[in-house]
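A look at the structure
Residue strings, one per chain:
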Amino acid sequence: MNSQTATPERGSIDVQLTPDEALALTGVEFNGNHKIKSEAQRKIRNAFEKTFDFNAPTK
């Protein structure tokens, strides 16, 4: 099975995370609130989508 993925130019993406969100992405679990990790992932995904154009033709 072949899959083709767009490889964006190397750059940086700026995302503001709370300390708890950053910790959740490293694997720390917050038993009282499972939404912390998903919120951090959503912020990163949104920033990535704003930075790179996925509809651009691949090279």
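Predicted, not measured: the structure shown is a model, and the values here were computed from it. (Residues numbered from 1 in each chain as written. Predicted model: local features only at pLDDT ≥ 70, side-chain atom pairs only at ≥ 80, totals over all residues. Heavy atoms only, no water.)

Helix and strand content of the protein chain: two helices and zero strands. Burial status across the protein chain gives 10% buried among its 59 residues. Of the contacts made within the protein chain by residues no fewer than 6 positions apart, 47% connect residues no fewer than 24 positions apart. Surface exposure of the protein chain reaches about 5,400 Å², of which carbon and sulfur atoms provide 49%. (Helix = DSSP H or I, 4+ residues; strand = E, 2+ residues; numbered from the N terminus. Buried < 20%, exposed > 50% of the residue type's maximum accessible area, 1.4 Å probe, protein only. Contact = heavy atoms within 4.5 Å. Areas by Shrake-Rupley, 256 points an atom, 1.4 Å probe, with all protein chains shown as cover.)

A cluster of nonpolar side chains, Leu17, Leu25 and Ile44, forms an exposed patch at the surface whose accessible area comes to about 200 Å². Locating Leu17 in the fold gives a position in the segment before helix 1 (19-25). Assessed through its relative accessible area of 31%, Leu17 is described here as partly exposed. (Patch = residues over 30% accessible without salt bridge, like charges linked within 9 Å, V, L, I, M, F, W, Y side chains within 5 Å. Salt bridge = Lys/Arg side-chain N within 4 Å of Asp/Glu carboxyl O.)

Within the secondary structure, Glu21 sits in helix 1. A relative accessible area of 6% means that Glu21 is categorised as buried. A polar atom in the side chain of Glu21 sits 2.9 Å from the side chain of Lys43. What Glu21 contacts, discounting residues up to four positions off in sequence, is Gln16, Ile36, Glu39, Ala40 and Lys43. (Polar contact = N/O pair within 3.5 Å; in protein donor to acceptor, adjacent residues only side chain to side chain.)

Let us now look at the pattern of salt bridges. Considering all chains together, one arrives at two salt bridges under this definition. Among the ionic pairs, Lys43 bridges to Glu21, the shortest N-O distance being 2.9 Å. Residue Lys43 is located in helix 2 (residues 35-51), and its partner Glu21 is located in helix 1; the two are separated by 22 residues in the primary sequence. By relative accessible area, which is 24% here, Lys43 ends up partly exposed.

Attention now moves to the environment of Val15. As for its placement among the helices and strands, Val15 is situated in the segment before helix 1. Residue Val15 is classed as partly exposed on the basis of its relative accessible area of 29%. Separated by 30 residues in sequence, Val15 and Arg45 have C-alpha atoms that sit 9.6 Å apart. Beyond its immediate sequence surroundings of up to four residues, Val15 is in contact with Lys43, Ile44 and Ala47.

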